[in-house]
Amino acid sequence: MRSLTKIMCSRWLPLVRVCGLNMPSLGRTNLRNFSTSHGRMNVMPAWVIDKYGDNDVLRFTKNAPFPVINYPNEVIVKVHSAALNPIDVSMRGGYGAATMAMKRDPLNMSQAGSEFPLILGRDVSGVIMECGLDVAYFKPGDEVWAAIPPWKQGSLAELVVLSANEVSHKPESLSHSEAAAVPYVASTAWSAVVNTGGLNKDNCAKKRVLILGASGGVGTFTIQMVKSWGGHVTATCSGSAEGLVRGLGADAVVDYTAAPVEQQLKDIEKFDLILDNIGGDTESWALGFLKPWCGAKYVTLVTPFLQNTDTLGIVDGMFQTTITVASKAAKHLCKGVHYRWGFFAPSGPTLDDIKEMVDAGQVKPVVEETFSFSQVPQAFLKVEAGHARGKTVVNVIQEDGDAQ
């Protein structure tokens, strides 16, 4: 775990300075002048999009803008491996563009399309190349992993710049290729199950959890996390994925291709938490399988928030979203259960905890297929096809260190 001194330096010192206060350096070494490459490059190889669309908009370039440190708590990471998630395919098509534009430019001063060329990819495992002035917890040469917020430039590139708040030391037990499969789905699962669902290692024992859509990245991680904490897991997936989810520890598996899930669940004990990775019409029946008046929660990761802002604009979209979630929460609260939306939340400290679980053998990455850096379009098509059995990884650097 990070020491109090390191956390103060790398995470809170920038805020203290903004407030005009002075603090001692606490032994910090100035690492800002470390140069990342030959002659301070200003371009790098990357896969970019210049407009939203289907797979044809992906373009490889050797002249993508080189990332620079703009804030004292940032780091530059040399990417060894990246991984794709369904959100990358959605963002390629423009999903969430309005909300991402607001996050990048809250005052709305930039012109439309200023995000291009846009680099996708939410997972990264690599090596620290350069640190900002206020970064004390990391140093050049550290192997790290991170889940990249969707409003930032992604990991399908030689380098990426991140806040030190978002980065964690990579598990020693994993290769870069394995490590890249974990951060985004693990951070999403942690946010949904722990932050929103209220379960953790201290209270999860014997709790009953239903995971809808358990064979994808978030599902496979959640199975392992809940089992490591002593919970009971029921997982839904197709029959072809049953071996995978049982191998990860699921106590019961429901094959949604055999019969409607609600029919197969009707005679079993109800649940303390339902994590919905599917959406659609599951809300119409899933909450009926929660234990009433026991604090049980239904958490869905399939929300209309980004679609609302894309369609209605930021203000009207957020207003419509607030009305929707409030009305659904009130409706189900009257029945003694809680309705919640779950969201991805980037967090270095969360990845610190997950690193400990990985190195202790409690959870492991589930990699379905690996692609080279030259095969990024094929990797997108793989994710776009659906029916995931874990994660799709892109190796930007080969095992021997040579670029692909």
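Rules of the game
Residues numbered from 1 in each chain as written. Predicted model: local features only at pLDDT ≥ 70, side-chain atom pairs only at ≥ 80, totals over all residues. Heavy atoms only, no water. Helix = DSSP H or I, 4+ residues; strand = E, 2+ residues; numbered from the N terminus. Buried < 20%, exposed > 50% of the residue type's maximum accessible area, 1.4 Å probe, protein only. Contact = heavy atoms within 4.5 Å. Areas by Shrake-Rupley, 256 points an atom, 1.4 Å probe, with all protein chains shown as cover. Salt bridge = Lys/Arg side-chain N within 4 Å of Asp/Glu carboxyl O. Pairing = 2+ DSSP bridges. Axes fitted to C-alpha atoms, helices over the stretch in contact; angles between N-to-C directions. Left-handed = near helix turned anticlockwise from the far one by under 90°. Nonpolar A, V, L, I, M, F, W, Y, C, P; charged D, E, K, R; others polar. Phe/Tyr/Trp six-rings, centres within 6.5 Å; stacked < 30°, edge-to-face > 60°. Lys NZ or Arg CZ within 6 Å of the ring centre and 35° of its normal. 1 Å grid on protein atoms, 1.4 Å probe; cavity = no way out; pocket = protein on both sides within 12 Å on 5 of 7 lines; lining within 4 Å. Points joined across faces, edges and corners; volume = space filled by probe spheres on them. Core = buried A, V, L, I, M, F, W, Y, C linked by side-chain atoms within 4.5 Å. Arc of directions from axis to C-beta.

**Q** Which residues make up the overall build of the chain, and what are the values?
**A** What the chain contains, in helices and strands, is 13 helices and 15 strands. Considering the chain as a whole, with its 404 residues, one finds that 52% of them fall into the buried category. The long-range share in the chain, meaning contacts at least 24 apart out of those at least 6 apart in sequence, stands at 72%. Summing over all exposed atoms, the chain offers an accessible surface of approximately 17900 Å²; the carbon and sulfur share of this is 55%.

**Q** Give a description of the pattern of salt bridges that names residues and reports values.
**A** A complete count under the given rule lists 15 salt bridges for this structure. When the shortest N-O distance is used, the salt bridge between D88 and R122 registers 3.6 Å. Pair noted here: D88 is in helix α2 (residues 86-92) and R122 is in the loop between α3 (97-104) and β4 (123-131), with a separation of 34 residues, a long-range link. For the salt bridge of K382 with E368, the shortest nitrogen-to-oxygen distance reads 2.9 Å. Of this pair, K382 sits in helix α13 (residues 376-384) while E368 sits in strand β14 (residues 367-372); the two residues are 14 residues apart in sequence, bridging distant segments of the chain. Judged by its relative accessible area of 29%, E368 falls in the partly exposed class.

**Q** Account for the sheet that holds strand β13 (residues 338-341), naming residues and giving values.
**A** Reading across the sheet, the six strands line up as β10-β9-β8-β11-β12-β13 and stay open at both edges, with parallel pairing between neighbours. Here the strands that pair on one side only, and so sit at the sheet edges, are β10 (252-255) and β13. Averaged over all pairs of adjacent strands, the angle between their axes in this sheet comes to 15°, without regard to strand direction. Pairing analysis gives four bridges linking strand β8 (residues 208-212) to strand β11 (residues 273-276), with the strands arranged parallel. Residue pairing in the sheet places V209 in a bridge with L273 of β11.

**Q** Give a description of the packing of helix α10 (residues 305-312) against helix α11 (residues 314-333) that names residues and reports values.
**A** The interhelical angle for the contact between α10 and α11, taken along N-to-C directions, is 140°, at an axis separation of 7 Å. For the element pair α10 and α11, the recorded crossing hand is right-handed. Residues F305, N308, T309 and L312 of α10 pack against I314, D316, G317, M318, Q320 and T321 of α11. Here the contact of α10 with α11 is built from residues that sort into four nonpolar, five polar and one charged.

**Q** Explain the packing of aromatic side chains to me, and be specific about the residues and the numbers.
**A** One pass over the structure, following the stated rule, counts nine aromatic pairs. The interplanar angle of 70° and the centroid separation of 5.0 Å between the aromatic rings of Y137 and F138 together place this pair among those described as edge-to-face. Each member of the pair, Y137 as well as F138, is classed as buried. Among the aromatic residues, those joined into a ring-pair cluster are W47, F60 and F373. When the ring centre of W151 is taken as origin, the NZ or CZ atom of K103, which lies over that ring, is 4.4 Å away.

**Q** Please provide a residue-by-residue account of the layout of surface pockets, values included.
**A** Roughly 1400 Å³ of volume is contained in the largest pocket. As for the largest pocket, its lining consists of 50 residues, and the residues nearest its centre are P86, I87, V218, N277 and L301. Taken together, the elements giving at least two residues each to the lining of the largest pocket come down to α2, α3, α5 (183-196), α6 (217-228), β9 (232-237), α10, α13 and β15 (391-395). The volume enclosed by the second largest pocket comes to roughly 1000 Å³. Where the lining of the second largest pocket is concerned, the elements lending two or more residues are α3 and β6 (159-163). Split into classes, the residues belonging to the lining of the second largest pocket amount to 20 nonpolar, nine polar and six charged.

**Q** Let's hear about the nonpolar core: which residues, and what values?
**A** In globular proteins that are soluble, nonpolar side chains generally tend to be buried together. Within the largest apolar cluster, 51 residues are counted, with the highest numbers of intra-cluster contacts made by V124, F138, L156 and F380. Broken down by secondary-structure element, the contributors of at least two residues to this core are β1 (43-49), β2 (58-65), β3 (74-84), α2, β4, β5 (143-147), β6 and α13. The dominant element in this core, judged by the number of residues it contributes, is β3, at six residues. In this structure, V124 is in contact with V77, V79, S81, V144, W145, A146, I148, S155, V160, L162 and P183, ignoring residues within four places of it in sequence. A214, F221, C237 and V366 belong to the second-largest nonpolar core, a separate cluster that totals 39 residues.

**Q** Describe α10, naming the residues involved and giving the relevant values.
**A** Looking only at α10, the buried set comprises F305, L306, N308 and T309. Taken end-on, α10 shows its buried residues confined to a sector of 160°, consistent with a single buried face. Where α10 is buried, its residues contact α3 and α11. Positive phi appears at G313, one or two residues downstream of α10, with a value of about 95°.

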